[in-house]
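Breakdown of the fold
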Amino acid sequence: MKIAVLGYGTVGSGVVEVLDVNQKLIASRAKEEIEVKYVLDLRDFPGDKIQEKIVHDYEIILNDPEIGIVVEVMGGVEPANTFVRKALEAGKSVVTSNKALVAKHGSALLKTAREKNVNFLFEASVGGGIPILRALGSSLTGDEIEEIAGILNGTTNYMMTRMFYEGANYEEVLREAQKNGFAEADPTADVEGQDACRKIAILSSLAYGRFLDFEKVYTEGITKITPEDMEYAREMGRNIKLLGTSKRVGEDSFYALVAPFLVGKNNPLHSVNGVFNSIFVHGNMLGDAMFYGSGAGKLPTASAVVADVVDCAKNKGRNIMMSWSEEKLDLLQIDDVKSRFFVRVSGHAAERQSEIEELFGKVEIVAVPSLSEEFAFITGEITEQEYREKAEKLDGIQSRIRARI
Ligand code: HSE
């Protein structure tokens, strides 16, 4: 099997390395040798042995009948989408790690793959090296998936972990994460939740069998989380995590949400720290399951890409069924989604509890000794709209975070 790799960046060079280091093992599993024939990149790599495979013109790959699999690891929506579409139309299978591409064009690309009897696989696009899409597609097939909640972004989980354990503030940890290479120079996609949003859309499309448009997913990032919020969480033995969540709340009714959540000790995502990712899945027969591992990085991501390449090689001439259809998944309006809310307010609990409970009903009161001019409360489950209407009537709200405790 001869393959082409589009993009010789971190993941692309990782794919070449995994195929090289585990060559024999991979050949025995794929039942044939897998050889990288071309690497497409704008750059040249003089002195590197990859240089002999470098091409700058995609047409060379497209028109070479020997190439059975194209690995797209360039990132970004274009030209990746055009390259992938053309490869599928030419009867080549495609493997990608590109969540922006899959979230936006996954439905159309899967359809083309089906029509051409080839495969479009994207395990590495969510959770890096964690085999979560394969689990959803081929292991949990006896279940109706009812809920997914995941720590889907390593950068923000690293930052929040440091904020939690060191009491550091957001700007400080971001600067340090950028210095250490854990955060991009432009961290917007990570810290504003956009990366997690695409990943929960991909997971949900596979789990519920209908296309979830990421642009419809209400998304909040971590930029407003403060050391004081973390202090409350520590005081309560809880934690704050950026979660990508989606849930079936009726026969044909779903919600999806990306936001920081206060999570309790018994929540399996509570202690997932650092750059690790973890995905919690609830199935109607399975009950709870958790998938944990490296959500990013050169070799974990490349490992997932290569696993897909092996699957493509083993399934030549056969489209692997994916439950993701073109039918759209309708979401509840965010106003109708129910959550509990952790709310910080000014003043003293002894003086304000009755006013708060008149509005919100019975609440859990939380105080932190070092924050003497404020306290917090946690509501029962209410809709976003109910929360907003009640919050408008309460003076002195300093912040609110959704809670799963
Ligand atoms: N920026 C992403 C993260 C990379 O931090 O998780 C992996 O998709």
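Here the structure is shown first, and the text comes after it.
These lines cover the structure that appears in this document, whether it is placed above or below. (Residues numbered from 1 in each chain as written. Predicted model: local features only at pLDDT ≥ 70, side-chain atom pairs only at ≥ 80, totals over all residues. Heavy atoms only, no water.)

A word on the overall build of the chain. Helices and strands together make up the secondary structure of the chain, namely 14 helices and 19 strands. Within the span of the chain, comprising 405 residues, buried residues form 56% of the whole. Counting only carbon and sulfur atoms, one obtains 48% of the accessible surface of the chain, whose full area is about 17500 Å². Separation between the mean location of the 47 positive side-chain charges and that of the 61 negative ones in the chain comes to 4 Å. (Helix = DSSP H or I, 4+ residues; strand = E, 2+ residues; numbered from the N terminus. Buried < 20%, exposed > 50% of the residue type's maximum accessible area, 1.4 Å probe, protein only. Areas by Shrake-Rupley, 256 points an atom, 1.4 Å probe, with all protein chains shown as cover. Lys, Arg positive; Asp, Glu negative; His and termini not counted. Charge placed at Lys NZ, Arg CZ, Asp CG, Glu CD.)

Tallied over the full model, the rule gives 13 aromatic pairs. When the centroid spacing of 5.8 Å and the interplanar angle of 80° are considered together, the rings of Phe122 and Trp324 count as edge-to-face. Placement of the pair is Phe122 in the loop between β6 (120–121) and α6 (132–139) and Trp324 in the loop between α12 (298–314) and β14 (325–328), with a sequence separation of 202 residues. Comparing Phe122 with Trp324 shows no difference in burial state: the two are buried. Ring centres of Phe341 and Tyr387 lie 4.4 Å apart, and the angle between their planes is 15°; on these two criteria the pair is classed as stacked. Note that Phe341 is positioned in strand β15 (residues 338–346) and Tyr387 in helix α14 (residues 384–392), a separation of 46 residues in sequence. Judged by relative accessible area, which is 7%, Tyr387 ranks as buried. Taken together, the aromatic side chains of Phe120, Phe122, Phe211 and Trp324 make up a single cluster linked through ring pairs. Over the ring of Phe164 we find Arg234; its NZ or CZ atom is 5.9 Å from the centre of that ring. (Phe/Tyr/Trp six-rings, centres within 6.5 Å; stacked < 30°, edge-to-face > 60°. Lys NZ or Arg CZ within 6 Å of the ring centre and 35° of its normal.)

Turning our attention to the site of the ligand. As a matter of local geometry, the ligand sits amid Lys99, Asn153, Gly154, Thr155, Asp190, Asp195, Lys199, Gly295 and Ala296. Side-chain polar atom of Asp190 to a nitrogen atom of the ligand: 2.8 Å apart, as the coordinates give it. For the shell around the ligand, the secondary structure elements donating two or more residues are α7 (154–166) and α10 (194–208). The residue inventory of the shell around the ligand, partitioned by class, reads one nonpolar, four polar and four charged. (Near = heavy atom within 4 Å. Polar contact = N/O pair within 3.5 Å; in protein donor to acceptor, adjacent residues only side chain to side chain. Nonpolar A, V, L, I, M, F, W, Y, C, P; charged D, E, K, R; others polar.)

The next subject is the nonpolar core. Grouped together as the largest cluster of nonpolar side chains are 119 residues, with contacts concentrated most on Ile3, Ile34, Ile61, Phe120, Phe122, Ile132 and Leu203. Apart from residues lying up to four places away in sequence, Ile132 is in contact with Glu123, Val126, Leu203, Ile279, Val281 and Phe291. Ranked by size, the runner-up nonpolar core spans 14 residues in total, among them Ala349, Phe360, Phe377 and Leu394. (Core = buried A, V, L, I, M, F, W, Y, C linked by side-chain atoms within 4.5 Å. Contact = heavy atoms within 4.5 Å.)

Okay, the sheet that holds strand β2 (residues 35–40) next. Reading across from one edge, β3-β2-β1-β4-β5-β6 is the order of the six strands in this open sheet, with parallel pairing throughout. With one partner strand each, in any of the chains shown, β3 (54–55) and β6 form the two edges of the open sheet. Across two bridges, the pairing between β2 and β3 is parallel. Bridging from a neighbouring strand, Val39 pairs with Ile54 of β3. (Pairing = 2+ DSSP bridges.)

Inspection of the secondary structure puts Met74 in the loop between β4 (67–72) and α4 (80–89). Accessibility expressed as a relative area gives 29% for Met74, which makes it partly exposed. Between the C-alpha atoms of Met74 and Ala302, which are 228 residues apart in sequence, the distance is 13 Å.

Looking now at the packing of helix α2 (residues 23–30) against α12. Packing of α2 against α12 leaves a shortest axis separation of 9 Å and a crossing angle of 35°. The residues of α12 that touch α2, namely those facing Ile26, Arg29 and Ala30, are Val306, Val310, Ala313 and Lys314. Within the contact of α2 with α12, the residues separate by chemical class into five nonpolar, no polar and two charged. (Axes fitted to C-alpha atoms, helices over the stretch in contact; angles between N-to-C directions.)

It is worth spelling out the packing of α7 against helix α11 (residues 227–235) at this point. Running from N to C, α7 and α11 cross one another at 70°; their axes reach a closest spacing of 8 Å. On the basis of their axis angle, the class for α7 and α11 is roughly perpendicular. Between α7 and α11 lies a crossing whose hand is right-handed. Contacts from Met160, Met163, Phe164 and Tyr165 of α7 reach α11 at Pro227, Met230, Ala233 and Arg234. (Parallel < 35°, antiparallel > 145°, perpendicular 65-115°, else oblique. Left-handed = near helix turned anticlockwise from the far one by under 90°.)

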